[in-house]
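Take a look at the letters that make up each chain.
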Amino acid sequence: MIERTIYESQFIKLFFEKLDLQTDYCILRGYEKLPQTTGNDIDIMISRCNPDEIEKIIEELGWIWIKKHDEDGFLSYVCWGMYDNTIAHIQLDFWTELRWRGLRWANSDLIMNSRRKYNDFWIAGEGSEAYITCLKELFGRGCIKKKYYNHIQRLVNDKQEEFIENGIEILGEKLVLQILENILKNNFINIDKLAGKIKRKLMKSNYPVYVKESLRRCKKYCTKCLRPRGKLLAFVGPDGSGKTTIINAVQQSMEGLFSDSKVFHMRYNILPELKTGMGISSMNGKITAADEESDHKEETKRSFLSKFASWVIVIYYTVEFVIGNIWIYKLKKDDTLILYDRYYYDYFWQPTTRDLIFPCRHFLIKLVSKPDLLIHLNAKAEDVYLRKKELKIAEIKKQNEYIERLASEMDNTITINTSGKELIQVEKETIEMCIERIKILF
C-alpha cells in the first residue's frame with residue numbers, strides 16, 4: 001500500500017465527491033484507508049462511462065492528466081497535481097464491464113447493486129469484492145497472491161450467496177461452488193488450478209467474441225511493434241545545469257504511465273570503454289577545456305593526429321549508439337520510459353570534438369535513435385559555474401551556444417530556463433511540459 005501525501009488524499013476525496021454527482025460508482029478494492037492509503041492505482045466500477053466528464057472533474061481540481069488506456073469497457077488515467085513543494089500523481093482505472101478477451105466474467109449490475117458505503121466512499125459488496133479479486137488475479141497473474149487469502153475468506157464467510165450470484169450465470173453453478181468451497185477451506189492453490197477451466201468455460205460461452213478479441217489483440221501487438229508506446233527522453237545541457245536531479249524527478253513522476261523506466265548516462269556500455277590517455281573525450285569522463293578567459297586569445301592549433309584521434313573516438317561510440325538503436329526499440333516496444341543523461345549529441349559541443357563533427361551533425365543525427373523529446377536545460381553560464389566550477393565561464397558559454405543551435409534545429413525540443421528558479425519550480429515546469437508533449441504523442 002502507498003501512503004499518500006495530503007495533496008493526493010485531498011484530490012481523492014474531492015474527486016469521488018464530484019464523481020458521485022455524475023454517475024454511480026464503487027471502488028473495487030484497496031479502499032481500507034482511503035483517502036490516505038491506496039495501492040498503485042484505484043480500481044473503480046462506474047455505471048456509465050463519459051470520458052469528458054471524468055476529464056472535466058480532474059481539470060476542475062487543478063490537476064493534469066494523460067489517458068493511458070481507452071478500450072471497450074476500460075478507461076485509465078494517470079493524473080498529476082503541481083503544488084508549491086511537491087508533485088503529486090495518481091492513477092485512476094475505470095470499468096463499466098469486467099472482461100477477459102472480450103468475454104464478460106462478472107455481472108456489473110449486480111456489483112453496483114451490492115455496493116455499500118465505507119467512510120465517504122462507495123465500495124463493492126463483500127461477496128462481489130471477493131469474486132472480483134479472485135478472478136482478476138487468475139486472469140492477470142494466473143494465481144492469487146497469498147496476501148489476499150485471509151481477506152477473501154473473511155469477505156466470503158458472511159456473503160456466500162452474493163459470491164455465488166456473481167458467477168453462477170457466467171461460470172455455472174458447479175464451477176462457482178468449487179471456487180467457493182476451496183476459499184472456505186483456505187485451499188487457494190486448488191483455485192489457481194481452476195484458472196484454465198474458468199477460461200475454457202468463458203471461451204465456450206461465446207467463442208466468436210473470443211476469436212474476434214484475439215485478432216484485435218494480435219493487431220494491437222503488430223501496431224505496438226510498428227509504433228512502440230515507450231518514449232525516449234534525452235536531457236541536454238552543460239555540467240551543472242541540473243540534468244541528473246531533473247531526470248530523477250521525471251522518472252518518479254512518470255511512474256504508472258509506463259510499464260517500466262530506465263536511465264542511461266553518457267553511453268550504453270555495450271562496447272568497452274575507449275581509454276586514450278590523450279586528454280580526448282571518451283564520453284565517460286569530464287573534458288577540461290582550454291582557458292578562454294580572454295576574447296583575444298589565439299585559437300589553439302591542433303595536429304592532424306589529434307584530430308584523427310578525436311574522429312576515431314567519435315566513430316567508435318557512434319557504432320555503439322547505432323547498436324543501441326536496437327536496444328532502444330526493444331525497450332520502447334515493452335512500454336518503457338527511457339531517460340538519457342548526456343545523449344549522443346553531447347559530442348556536438350565538447351571542446352575536442354565540436355569543431356570537427358558539428359558541421360556533420362545533420363548526417364550523424366540520422367544514425368542514432370531520435371529522442372521523442374529533447375529536453376534542453378538552459379542555464380546562464382554564471383549560474384552553472386556557481387554550481388560546478390570544473391569548466392570556466394567562457395567554456396560554458398561556448399557549450400551553451402552549440403546546444404542552443406542544435407536545439408533550435410530539432411522539432412522535438414523542450415527548452416526549460418533554469419536560471420534564477422528554485423529546483424522544485426524547474427522540476428514542475430519540466431514535468432508539465434513533458435506531459436503536454438507526451439499527451440500528443442500518445
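Residues numbered from 1 in each chain as written. Predicted model: local features only at pLDDT ≥ 70, side-chain atom pairs only at ≥ 80, totals over all residues. Heavy atoms only, no water.

> What is the right way to read unusual backbone geometry from this model?
For residues besides glycine, phi is generally negative; the peptide bonds are generally trans as well. Between L34 and the following residue, P35, the backbone shows a cis peptide bond with an omega angle of 5 degrees. Mapped onto the elements of the fold, P35 is located in the loop between β2 (25–27) and β3 (37–38). Despite not being glycine, R101 has its phi angle at roughly 50 degrees, a positive value. Turning to its location among the elements, R101 is positioned in the loop between β8 (99–100) and β9 (103–104). Note on R101: relative accessible area 26%, which makes it partly exposed. (Helix = DSSP H or I, 4+ residues; strand = E, 2+ residues; numbered from the N terminus. Buried < 20%, exposed > 50% of the residue type's maximum accessible area, 1.4 Å probe, protein only.)

> Just to check I follow, could you spell out the nonpolar core for this structure?
W105 and L171 are the most contacted members of the largest nonpolar core, which totals 43 residues. Only α3 (108–113), α4 (126–140), α5 (149–158), α6 (160–171), α7 (173–184), α8 (188–193) and α9 (195–205) provide two or more residues apiece to this core. Element by element, the count of residues in this core is highest for α4, at seven residues. Residues contacting W105, with those up to four places away along its chain left out, are L98, R99, W100, Y131, I132, L135, K136, F139, I170 and L202. Grouped together as the second largest cluster of nonpolar side chains are 30 residues, Y345, I357, V368 and M410 included. (Core = buried A, V, L, I, M, F, W, Y, C linked by side-chain atoms within 4.5 Å. Contact = heavy atoms within 4.5 Å.)

> Please explain the sheet that holds strand β14 (residues 336–341) as it appears in this structure.
For sheets, the rule is that strands pair by backbone hydrogen bonds, running either parallel or antiparallel. The strand order across the open sheet formed by five strands is β13-β14-β12-β15-β16, and the pairing between neighbours is parallel. Only two strands of the sheet have a single partner each, and these edge strands are β13 (260–265) and β16 (413–417). Adjacent strand axes in the sheet meet at a mean angle of 20 degrees, parallel and antiparallel pairs treated alike. Two strands pair when backbone bridges link them, and strand β15 (residues 373–378) and β16 are joined in this way by five bridges, in the parallel orientation. Across the sheet, residue L374 finds its bridge partner in β16, namely T413. (Pairing = 2+ DSSP bridges. Axes fitted to C-alpha atoms, helices over the stretch in contact; angles between N-to-C directions.)

> Would you mind showing me how to read the pattern of salt bridges here?
Oppositely charged side chains can form a pair if their charged atoms are brought close together. Tallied over the entire structure, the rule returns 24 salt bridges. In this structure, K332 and D372 form a salt bridge, with 3.0 Å as the shortest nitrogen-oxygen distance. Separated by 40 residues along the polypeptide, K332 in helix α12 (residues 304–333) and D372 in the loop between α14 (361–365) and β15 bring together distant segments of the chain. Accessibility classification places K332 together with D372 in one group, the buried group. Across the pair D346 and R342 runs a salt bridge whose closest N-O atoms are separated by 2.9 Å. Take D346 and R342: they sit in the same class, and that class is buried. (Salt bridge = Lys/Arg side-chain N within 4 Å of Asp/Glu carboxyl O.)

> Can you help me understand the packing of aromatic side chains in this one?
By convention here, two paired aromatic rings are described through the distance between centres and the angle between planes. Counted by the stated rule, this structure contains 37 aromatic pairs. Between the aromatic rings of Y207 and Y210, the centroid separation amounts to 5.9 Å while the plane-to-plane angle is 35 degrees, which identifies the pairing as tilted. With Y207 and Y210 both in helix α10 (residues 207–226) and three residues apart, the pair spans about one turn of that helix. Overall, the relative accessible area of 46% leaves Y207 in the partly exposed class. Taking the relative accessible area as the measure of exposure, Y210 reaches 16% and is therefore buried. On the numbers, 5.0 Å between centres and 85 degrees between planes, the contact of Y316 with Y317 is edge-to-face. Its relative accessible area of 23% is what places Y316 among the partly exposed residues. Between K439 and the ring centre of W65, over which it is positioned, the NZ or CZ distance is 3.4 Å. (Phe/Tyr/Trp six-rings, centres within 6.5 Å; stacked < 30°, edge-to-face > 60°. Lys NZ or Arg CZ within 6 Å of the ring centre and 35° of its normal.)

> How do you make sense of the pairing of strand β12 (residues 231–236) when you look at a structure like this?
Looking along a regular strand, one sees the side chains alternate between the two faces of the sheet. Of all six residues in β12, six are buried, a share of seventy percent or more. Burial along β12 is two-sided: K231, L233 and F235 facing one way and L232, A234 and V236 facing the other are all buried. Both β12 and β14 contribute to a ladder of five bridges, which runs parallel. In the strand pairing of β14, F235 is matched with D341. Of the pairings in the sheet, the one linking β12 to β15 comprises four bridges and is parallel in character. Of the residues in β15, the one forming a bridge with V236 is H376.

> How do you make sense of the state of the cysteines when you look at a structure like this?
Cysteine pairs can be covalently joined through their sulfur atoms, and such a bond is termed a disulfide. Across all of its chains, the model carries zero disulfides by this definition. For the unlinked cysteine C134, the closest cysteine sulfur is that of C143, found at 12 Å. Overall, C134 belongs to the buried group, its relative accessible area being 0%. Owing to a relative accessible area of 26%, C143 belongs among the partly exposed residues under this scheme. (Disulfide = S-S within 2.5 Å.)

> Please explain the packing of α4 against α5 as it appears in this structure.
Two quantities define a packed helix pair, namely the angle between the axes and the distance from one axis to the other. Interaxial distance between α4 and α5 falls to 8 Å at its minimum, and their mutual angle equals 145 degrees. Relative to α5, α4 is oriented so that their crossing is left-handed. The segment α4 lies against α5, with E126, E129, A130, T133 and C134 engaging H151, I152, L155 and V156. A class-by-class count of the residues in the contact of α4 with α5 yields five nonpolar, two polar and two charged. (Left-handed = near helix turned anticlockwise from the far one by under 90°. Nonpolar A, V, L, I, M, F, W, Y, C, P; charged D, E, K, R; others polar.)

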